[in-house]
Amino acid sequence: MDPGTARRPAPRPAETGPERGVARGPGPAGYRAPRPGRSSPNGTTGRRARRYAADKEPTGGWRRWLTWKKVSLAGLGIVLLGLLGVGVAFAMTDVPAANDFSTSQATIVYWNDGETELGRFSAENRESVGIEEVPEHVRQAVVAAEDRTFYENDGFDPVGIIRAGWDSLRGGEIAGGGSTITQQYVKNYYLTQEQTLTRKVKELFISVKIDQQLEKDQILQDYLNTIWFGRGTYGIQTASKSYFGKNVSDLTLEEGAAMAAILRNPGSYDPTLSEENVQRFTDRFRYVLDGMVEGGWLDRATADAAIPPEVLPEQKSNTFGGPGGYLLQQVKNELEAVGIDPAEIETGGLRVTTTFDPNAQSAAVEAVESEAPTEDVEHLHIGLAAVRPGDGAVVAMYGGPDAVAQSFNDAVDSIPQAGSTVKPFTLVAAFENDFTLKDRFWGNSGFEAPGLGKPVNNESDRDYGETVDLLQATENSINTAFVDLTMQLGPEKVMDAMVRSGLPENAPGIVGESGVPNGRITLGTASIPPVQMADMYATLAAQGKQADWYTVAKVTDLSGTVRHEVEPEPEQVIERDMTAEVTYALTQVAENGTGTVAQALDRPVAVKTGQAEDLGSWFSGYTPQLAASVVYFKSDYATGGSMLSLDGTGGEATFTGGKYPGRTWTAFMQGALEGAEVLEFPERPDFAEDPSSTPRPTIEVCPPGTEGTPPDCTPIEPTPSEDAGIEIPDVVGMQQNDAERTLRRAGFDVAAQTAETDQAPPGQVVDQGPPGGTAAPRGSTVTIVVAVEPEPSSVDVPDLTDMSRAAAEQALNAAGLVPNFMGNPNGVVVDQSPGPGQSVEVGSTVDVRLGDRGS
């Protein structure tokens with residue numbers, strides 16, 4: 001063939017005609033020819049021609065730059081950049097340290113040995129267990145309920161992520177749900193509970209990394225130990241105990257499925273909370289079993305036969321339950337008082353050593369439970385506290401039977417009036433001012449003195465004689481003698497001795513309405529809790545060394561750093577000789593007086609009873625190594641804490657400190673001191689020695705009728721015999737207290753009369769009989785006359801306008817005037833005669849007209 005011919009193109013097939021759809025020579029089947037008249041200069045026709053022209057001919061504007069190819073490439077670039085950004089973000093997201101919640105540790109409180117646990121403070125109730133302790137069917141139930149692809153997925157659920165992203169784009173709250181077990185674990189252990197897109201993304205990234213780093217069983221174990229199960233429980237072990245009363249290792253198939261069902265939302269699925277919850281719980285229980293069947297862990301017949309188990313109702317328990325709760329309550333209060341943050345107390349894992357002794361505390365509880373009365377005990381409260389002398393450490397405390405039922409601590413928070421338990425501190429003031437136990441004071445019921453107010457009476461109005469010595473007054477707790485002593489001392493000195501010993505200066509009732517103490521302070525007008533009273537008695541037991549009471553001895557944190565530690569520095573506030581003599585007097589209360597019940601302790605003991613009328617009954621005392629105080633009182637806290645009478649309680653017509661309080665105190669001390677060394681009190685001081693009972697050393701003296709020091713003895717003039725009497729001191733010109741003290745120390749009883757005079761200051765002795773310098777038998781009575789201000793002969797009439805009848809009568813009586821009422825007795829004063837401000841004789845009558853206001 002000719003080469004030129006071979007390269008020549010084949011002739012174009014001829015057109016067959018204008019009919020549409022007629023083939024134009026060889027071509028693919030179904031080929032349709034273009035319509036006639038649609039030809040274009042390049043041989044194409046119709047749309048193809050236009051497309052061809054668009055491809056071949058240049059155009060201007062944006063069409064030349066924005067092409068499908070460029071858009072596709074740009075989109076691919078954005079996707080790649082996004083994936084790159086996600087990759088970078090994933091790589092830069094580190095697994096953080098566990099959050100505070102997941103790593104929080106309970107603060108452990110120890111007894112005073114620093115080793116034996118007393119209790120705990122914690123933000124959550126958690127007890128971790130190993131995965132091997134969780135039965136396989138329980139693990140399977142949890143996986144069936146929460147994440148059925150747990151063992152296959154990579155730590156996240158794409159559907160859940162898409163849902164969270166969609167919620168975020170809509171601007172709404174990101175809903176929970178859809179999270180895998182790994183994601184829930186990451187959220188609880190490493191992150192927070194906030195519902196934000198940022199937290200959700202972090203959760204995703206960390207979940208993937210955790211899934212790569214940990215075995216599935218490890219993740220499931222940590223999840224089960226941190227997840228919230230309601231009822232204040234975290235972790236499946238504590239939840240198992242709460243819902244079924246058993247360890248997780250003992251859960252049955254049905255119980256495991258029930259736990260998994262409740263796990264989703266304890267408030268909505270705990271069947272014990274409401275009827276609505278019962279149906280939700282049942283449906284969810286079936287859902288869990290179906291999931292176990294689906295996962296191949298359970299056959300259908302077993303699943304269908306399973307019925308929801310009985311779930312125990314929540315047992316309300318509390319760290320502060322029972323008598324021991326008051327100890328923990330006080331420790332927590334004290335930790336906060338020394339500046340430790342409450343959140344750290346709950347989660348910081350502190351180690352707290354207290355002052356409480358377990359044996360003493362058991363003795364306190366047993367003493368109250370065994371000795372308390374059972375008859376007429378409604379609203380009865382008992383407070384007990386014991387303090388170590390010279391240290392201030394509280395070794396035992398009874399604040400009530402249950403700190404949950406009654407948060408008010410009867411040992412710390414109650415403030416009944418102290419009654420006669422403060423009389424020993426009047427003795428302190430007396431000895432510091434040269435009085436002795438041999439000095440004599442008024443003993444009969446009904447003692448009056450200027451500034452005292454109404455007369456002071458003894459218990460049951462008993463008379464002990466016009467004069468009694470101070471030892472007898474202490475043994476029998478004679479009110480009149482102690483008030484007589486206080487008036488002679490000056491109430492301020494008694495108050496000072498109490499405050500130095502540990503009584504707060506601002507104790508309620510320590511001073512009267514006038515703002516200064518009066519003679520009744522020795523009768524215990526101050527209100528004080530038992531722990532403070534025990535601390536005051538500890539001052540006496542420590543021979544005058546005072547230390548403030550406390551219950552927290554030492555606090556360390558997890559690193560071992562000491563956060564708080566008490567190093568007692570007792571202060572010598574009373575001379576040792578003074579407290580030794582007070583102690584002797586209080587031993588006699590146990591031997592011969594109102595505290596004989598304490599003899600059962602069978603060791604040296606100093607005690608004092610106390611009675612605040614019929615509203616409070618005390619027994620306080622000490623041995624050399626322990627001081628304690630017990631109070632019984634009645635109060636209805638539901639009505640604001642009003643005090644009620646103790647009389648009739650336990651069948652006692654008159655409830656006294658020497659009975660139930662004394663028996664409780666003695667029983668406590670017996671238990672608390674069991675096995676302790678028997679110690680003696682210090683000897684009495686020289687100034688207190690009694691010649692009639694204390695041996696005196698034999699010394700050489702000059703013979704009768706002479707004086708001097710052997711051998712230089714010289715004759716002396718004969719002195720009157722004892723029958724002729726002894727010389728009476730001249731006390732005219734002295735103040736009453738000094739005069740009475742002088743006469744009594746000389747051996748005389750004293751009677752006082754008053755005389756109105758403006759020739760001497762009030763309280764000064766202006767006369768006495770027999771007169772000073774004369775002789776009278778020892779023990780006879782010397783009468784002194786004391787100056788008082790003269791009663792005014794005239795008075796200004798008070799303004800009674802608009803007063804009620806009662807108020808007007810009170811005002812006139814106070815002025816020494818006699819009212820004469822007229823008119824409406826229910827009205828107010830509309831007129832009076834004499835009028836306001838007029839001067840009239842004391843005892844004059846004032847006419848008072850009563851009527852409607854404004855008439």
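Source: prediction; values computed, not measured.

Enquirer: Sorry if this is basic, but what is going on with the pairing of strand E25 (residues 781–788) here?
Expert: Each regular strand shows side chains that alternate between the opposite faces of the sheet. Two strands pair when backbone bridges link them, and strand E22 (residues 749–756) and E25 are joined in this way by eight bridges, in the parallel orientation. In the strand pairing of E25, Glu-756 is matched with Val-788. Looking at chain direction, strand E23 (residues 765–769) and E25 are connected through four bridges and run antiparallel. By the bridge assignment for E25, Gly-769 is matched with Thr-783.

Enquirer: Help me out: how do you make sense of the pattern of salt bridges in this one?
Expert: Opposite charge on two side chains permits them to pair, given that their charged atoms come into close proximity. Under the defined criterion, the tally for this structure stands at 15 salt bridges. With a shortest N-O distance of 2.5 Å, Glu-344 and Arg-563 are connected by a salt bridge. Within this pair, whereas Glu-344 is found in helix H16 (residues 342–347), its partner Arg-563 is found in strand E13 (residues 562–565), the two being separated by 219 residues in sequence. For Arg-563, a relative accessible area of 36% puts it in the partly exposed group. Residues Asp-496 and Arg-500 are paired through a salt bridge, measuring 2.8 Å at the closest nitrogen-oxygen approach.

Enquirer: In this structure, what is going on with the packing of aromatic side chains? I would like to understand it.
Expert: Each pair of aromatic rings is reported with the distance of its centres and the angle of its planes. Going through the model one piece at a time under the given rule, you end up with seven aromatic pairs. Judged by centre distance (5.8 Å) and plane angle (90°), the rings of Phe-425 and Tyr-537 are edge-to-face. Of the two residues, Phe-425 sits in helix H18 (residues 423–432) while Tyr-537 sits in helix H22 (residues 530–541), which places them 112 residues apart along the sequence. The exposure classification of Phe-425 matches that of Tyr-537, with both residues buried. Ring centres of Tyr-622 and Phe-681 lie 5.7 Å apart, and the angle between their planes is 85°; this geometry places the pair in the edge-to-face category. Taken together, the positions of Tyr-622 in strand E16 (residues 616–623) and Phe-681 in the loop between helix H24 (660–672) and strand E19 (706–709) put the pair 59 residues apart, joining distant regions of the chain. You can call Tyr-622 buried: its relative accessible area is 0%. In this structure Phe-681 comes out as buried when scored by relative accessible area, which is 16%.

Enquirer: Where do I start with the sheet that holds E22 in this structure?
Expert: In sheet architecture, strand pairing relies on hydrogen bonds along the backbone and comes in two forms, parallel and antiparallel. Read from one edge to the other, the open sheet built from three strands follows the order E22-E25-E23, with strand pairing classed as mixed. In this open sheet, the two strands that pair with only one neighbour each are E22 and E23. With strand direction ignored, the average angle separating the axes of adjacent strands in the sheet is 25°.

Enquirer: How should H22 be read in this particular structure?
Expert: The periodicity of an α-helix, 3.6 residues per turn, causes residues three or four places apart in sequence to face the same way. Its twelve residues give H22 an end-to-end C-alpha distance of 16 Å, which sits within 8% of 16 Å, the value for a rise of 1.5 Å per residue. With twelve of twelve residues buried, H22 lies mostly within the body of the structure. Among all positions of H22, only Pro-530, Val-531, Gln-532, Met-533, Ala-534, Asp-535, Met-536, Tyr-537, Ala-538, Thr-539, Leu-540 and Ala-541 are buried.

Enquirer: Can you walk me through the packing of helix H5 (residues 136–146) against helix H13 (residues 275–294) in this structure?
Expert: Helix packing for two helices is described by the angle between their axes and how far apart those axes are. Closest axis-to-axis distance for the H5/H13 pair is 8 Å, and the angle between their directions is 105°. It follows that H5 is roughly perpendicular to H13 by the angle criterion. Across from His-137, Gln-140, Ala-141, Ala-144, Ala-145 and Glu-146 in H5, the residues of H13 making contact are Arg-284, Tyr-287, Val-288, Gly-291 and Met-292. Grouping the amino acids of the contact of H5 with H13 by side-chain chemistry returns six nonpolar, three polar and two charged.

Enquirer: It is not clear to me how unusual backbone geometry should be interpreted in this structure. Could you clarify?
Expert: Here the bond from Gly-769 into Pro-770 is cis, since omega is -5°, no more than 30 degrees from zero. Residue Pro-834 follows Ser-833 across a cis peptide bond; omega there is -5°. Within the secondary structure, Pro-834 sits in the loop between strand E28 (828–833) and strand E29 (839–841). Phi is positive for Gln-543, close to 60°, though the residue is something other than glycine. You can see Gln-543 is positioned in the loop between H22 and strand E11 (545–546).

Enquirer: Can you help me understand the packing of helix H11 (residues 253–263) against H13 in this one?
Expert: Contact pair H11 / H13: the axes reach a minimum separation of 8 Å and the direction vectors enclose 115°. Taken as axis vectors, H11 and H13 run roughly perpendicular relative to one another. Remark: the crossing between H11 and H13 carries right-handed chirality. Contacts from Leu-253, Glu-254, Ala-257, Ala-258, Ala-260, Ala-261 and Ile-262 in H11 reach Phe-281, Arg-284, Phe-285, Val-288, Leu-289 and Met-292 in H13. Its residues placed into classes, the contact of H11 with H13 shows eleven nonpolar, no polar and two charged.

Conventions we followed
- Along each chain, the written sequence defines residue order, and numbers are assigned to residues from 1.
- For a predicted model such as this one, the threshold for reporting local features is a pLDDT of at least 70, and the threshold for listing and counting side-chain atom pairs is 80 or more; totals across whole chains, interfaces and linings nevertheless cover every residue.
- Neither water nor hydrogens contribute to the side-chain values; these are computed over all heavy atoms in the structure.
- One bridge is not enough; two strands pair if DSSP finds at least two bridges between them.
- Secondary structure elements are taken from DSSP: a helix is a run of H or I of four residues or more, a strand is a run of E of two residues or more, and numbering for both begins at the N terminus.
- Just to be clear on terms, a salt bridge is a Lys or Arg side-chain nitrogen sitting within 4 Å of an Asp or Glu carboxyl oxygen.
- Exposure is judged per residue with a 1.4 Å probe applied to protein chains only, and the accessible area is read against the type maximum: over 50% gives exposed, under 20% gives buried, and values in between give partly exposed.
- Between the rings of Phe, Tyr and Trp (Trp by its six-membered ring), a pair exists once the centres lie within 6.5 Å; its type follows the angle of the planes, with under 30 degrees stacked, over 60 edge-to-face, and the other angles tilted.
- Only C-alpha atoms enter the line fits that serve as axes; for helices the fit covers just the stretch in contact. Angles between N-to-C directions range over 0 to 180 degrees.
- Here, expected helix span is obtained from the residue count minus one, scaled by 1.5 Å.
- Any angle from 65 to 115 degrees is called roughly perpendicular, while one under 35 is roughly parallel, one over 145 is roughly antiparallel, and all others are oblique.
- The contact rule is simple, with two residues in contact once any of their heavy atoms fall within 4.5 Å.
- Here the nonpolar group is Ala, Val, Leu, Ile, Met, Phe, Trp, Tyr, Cys and Pro; Asp, Glu, Lys and Arg are the charged ones; every other residue, Gly included, is treated as polar.
- The sense of a crossing depends on the near helix, which, turned anticlockwise from the far helix by less than a right angle, makes the crossing left-handed and, turned clockwise, makes it right-handed.

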